[in-house]
Amino acid sequence: MTIVWLNGASRKGLEDKFPLQDIEIGCNYIRRDRKVNHVIAFDQPIVKALSQNLEEGVKYYTRSEWGKPGQWITVKQWKTVDPMNSGMMALLLATRLSKEDIYILGMDWGLSDISVYDYGKNKESIIKYTNGCKRQVKTLSETHKIIAVHNGLPDIDIPIIDKQTFLVKFK
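Computed from a predicted model, the values in this text were never measured in an experiment.

The rules behind these values
- Residues numbered from 1 in each chain as written.
- Predicted model: local features only at pLDDT ≥ 70, side-chain atom pairs only at ≥ 80, totals over all residues.
- Heavy atoms only, no water.
- Pairing = 2+ DSSP bridges.
- Helix = DSSP H or I, 4+ residues; strand = E, 2+ residues; numbered from the N terminus.
- Contact = heavy atoms within 4.5 Å.
- Axes fitted to C-alpha atoms, helices over the stretch in contact; angles between N-to-C directions.
- Buried < 20%, exposed > 50% of the residue type's maximum accessible area, 1.4 Å probe, protein only.
- Arc of directions from axis to C-beta.
- Phe/Tyr/Trp six-rings, centres within 6.5 Å; stacked < 30°, edge-to-face > 60°.
- Lys NZ or Arg CZ within 6 Å of the ring centre and 35° of its normal.
- Core = buried A, V, L, I, M, F, W, Y, C linked by side-chain atoms within 4.5 Å.

Colleague: Tell me about the sheet that holds strand β4 (residues 59–62), and name the residues and values.
Modeller: Here we have eight strands laid out as an open sheet, ordered β5-β4-β3-β2-β1-β6-β7-β8, and parallel in their pairing. Whereas interior strands pair on both sides, the edge strands pair on one side only; in this sheet they are β5 (72–74) and β8 (160–161). Here helix α2 (residues 86–97) sits on the sheet and contacts β1 (2–5), β2 (23–27), β3 (38–40), β4, β6 (102–105) and β7 (146–149); the angle it forms with β2, its principal contact strand, is near 165°.

Shown next as structure tokens:
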């Protein structure tokens, strides 16, 4: 199983409920809350902040304009999927690293714009997704089984399972 941690508040309470999976990818400051083996940072200020304390054994990914050779790995466009934010970049990376089912936690698209992290911006201005993001997820779901874990109904055209059903997989 492959896990992708987005920054939506719906992921809260799951951070310590199951063991580290072989492939876990998280966005931005995920290591504050959960040990993962892959970290994605799309924006330059976050890349700079994380670069001050890169952890051994963790792989760090960004777009080509921000990465430092030897420290950051570039996530490149695939077919029509060109990552527009850290979440899309994390999902694209998951499809490149794994053939297993991909579970997305913290995907609150269409339900909330609240992030688990404070980026020093007006929270109302943070855009979590666009129609382009939705189309790209649909494209990636044509080659991989991608499931959102959420107790509500995020605005996405992939299967959704509730948190309890997801956690049963670890019993």
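Colleague: How would you sum up helix α1 (residues 44–51)? Please name residues and give values.
Modeller: Taken residue by residue, α1 has Ile-46, Val-47, Leu-50 and Ser-51 as its buried positions. On an axial view of α1, the arc spanned by its buried residues comes to 135°, and they lie on one face. Opposite its buried face, α1 presents the exposed residues Pro-45 and Lys-48, each directed more than 90 degrees away. Looking at the buried residues of α1, the elements they touch are β3, β4 and β5.

Colleague: Break down the packing of aromatic side chains for me, with residues and values.
Modeller: Geometrically, a pair of aromatic rings is defined through the distance of the ring centres and the angle of the planes. A full pass over the atoms with the stated rule returns eight aromatic pairs. With 5.9 Å between their ring centres and 75° between their planes, Tyr-29 and Tyr-117 make a pair best called edge-to-face. One end of the pair, Tyr-29, is in the loop between β2 and β3; the other, Tyr-117, is in the loop between β6 and α3 (131–140), and 88 residues separate them in sequence. Aromatic ring contacts, followed pair by pair, group Trp-5, Phe-18, Tyr-103, Phe-166 and Phe-170 into a single cluster. Just above the ring of Tyr-29 sits the side chain of Arg-32; from NZ or CZ to the centre is 4.1 Å. A cation over a ring is seen here: Arg-34 above Phe-18, with NZ or CZ 4.3 Å from the ring centre.

Colleague: Provide a residue-level description of the nonpolar core, including the pertinent values.
Modeller: Counting residues in each nonpolar core, the largest one holds 30 residues, and the members touching the most others are Ile-40, Ile-104, Met-107, Trp-109, Leu-140 and Ile-158. Looking at this core, the elements that each hand over two or more residues are β2, α2, β6, α3 and β7. At seven residues, α2 tops the list of elements feeding residues into this core. Counting 22 residues, the second-largest nonpolar core is a separate cluster that includes Val-36, Val-39, Val-58 and Leu-105.

The values are spatial; any link to function lies outside them.
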